[in-house]
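Spelled out from the first residue to the last, the chains are:
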Amino acid sequence: MSSKPGRGQLGGSLCLFLTACIWGTAFVAQSVGTEYVGAFTFNMSRSVLAGLVLLPVIAISGRMKKNRGFSGGNGTETAGAGGNIAEKTAGKDEKPEKKQLIAGGILCGIALCVASNLQQIGIAYTTVGKAGFITAMYIILVPVFSVFLHKKAGMKLWISVVIAVAGLYLLCMTEGFSVAKGDLIVFLCAVAFSVHILAVSYFAPRVDGIKMSCIQFWTAAVISAAGMLIFEQPDPQALLDAWLPVCYAGVLSSGVGYTLQIVGQKDVNPTLASLIMSLESVISVIAGWVLLHQTMGAREIAGCVLMFAAIILAQLPERRRNAAQEKATH
């Protein structure tokens, strides 16, 4: 019994690492897509695709749950009155869960929409290096916001945050830092991503993660569509020209990536989750090196090493606590 939390955290951490890999490699698709369409058009399209991708996934998972329910009993003999009572109780419990599901999906969708569009807009006014570093500031903002929400963060986790920020600085900052319009917009993007991470951490353990992810995408799609019609002049031909980066960002980066984030955060501390997901900066550099034959200097390699060291250090306290709890239970 005592080993389950550790396994849950390991599985959640692997989901979040895979999310970081998807997001890191999706950087090329996002940058190419912005050459064809505006930020709201791009994010509306990718959100619609992500929502459509998850609809059959929800249907399949629903059928699997029903099959488990039918196979879980000992036949019709055990159904009887007890089964009817259980069904009535389940019906009562479903109402508040549905409310939380809808509320969580809408709130997460709003935060995701704001963060994604601010990021796309801000990149146009600043350098990629600055944008990468400032966006990743959510690894500082998440534990700071968590303190105000009365969530505990151990000393080693805070040290990990400092090491991770130092690694991101070496990895992304290749020129002098100065505050500009784009920098401020991307910083607001980091704030929105921090809110999104905390919202997911609150709702993910309470509701169906896949359904909540689907709701958040449709919410983001509706808001982005409004922004597209108000601030942009959507061109169907330009959107068709950008079909490949939009499909990659919609299906993998959004549909798969953000769903893995929700599933992974069920068993992972939000500060640790933000650290793992911030590895997307490392993955993007590695992807450029492998796929585009871009070389990494000693500075970038040192940044990668610091980032991985931060993740390992952040994992240590949880493993030690789980070991101590396991000894106490025997």
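Residues numbered from 1 in each chain as written. Predicted model: local features only at pLDDT ≥ 70, side-chain atom pairs only at ≥ 80, totals over all residues. Heavy atoms only, no water.

**Focus: the overall build of the protein chain**
Put simply, the rule reads: Note on conventions: DSSP H or I runs of at least 4 residues are helices, E runs of at least 2 residues are strands, and numbering of each starts at the N terminus. Think of it in three bands: with a 1.4 Å probe and only protein chains considered, a residue is buried below 20% of the maximum accessible area for its type, exposed above 50%, and partly exposed in between. A contact between two residues is defined here by any heavy atoms of the two lying within 4.5 Å. The accessible surface values rely on the Shrake-Rupley method and a 1.4 Å probe; as for residues, cover is taken only from the protein chains in view.
Check the secondary structure of the protein chain and you find 14 helices and zero strands. Going through the 330 residues of the protein chain one by one, you find that 44% of them count as buried. Pairs at least 24 residues apart make up 93% of the contacts formed inside the protein chain by residues separated by at least 6 positions. For the protein chain, the exposed surface amounts to about 17,100 Å²; the carbon and sulfur share of it is 68%.

**Describing the side chain of Ser194**
Of note, Ser194 is situated in helix α8 (residues 181-203). When neighbours within four sequence positions are excluded, Ser194 is seen to be in contact with Tyr138, Leu141, Val142 and Phe145.

**A word on the packing of aromatic side chains**
The condition that has to hold: Classification of ring pairs rests on two measures: the distance between centres of Phe, Tyr or Trp rings, Trp counted by its six-membered ring, which must be within 6.5 Å, and the angle between planes, read as stacked under 30 degrees, edge-to-face over 60 and tilted in between.
Summed over all chains, the structure comprises three aromatic pairs. Seen from their ring centres, Phe40 and Phe231 are 5.8 Å apart, and the 20° between their planes marks the pair as stacked. A residue pair is termed long-range when its members are at least 10 positions apart, and Phe40 in helix α3 (residues 39-71) and Phe231 in helix α9 (residues 209-231) qualify at 191 residues. Look at Phe40 and you get buried, because its relative accessible area is 16%. The exposure class assigned to Phe231 is exposed, which follows from its relative accessible area of 63%.

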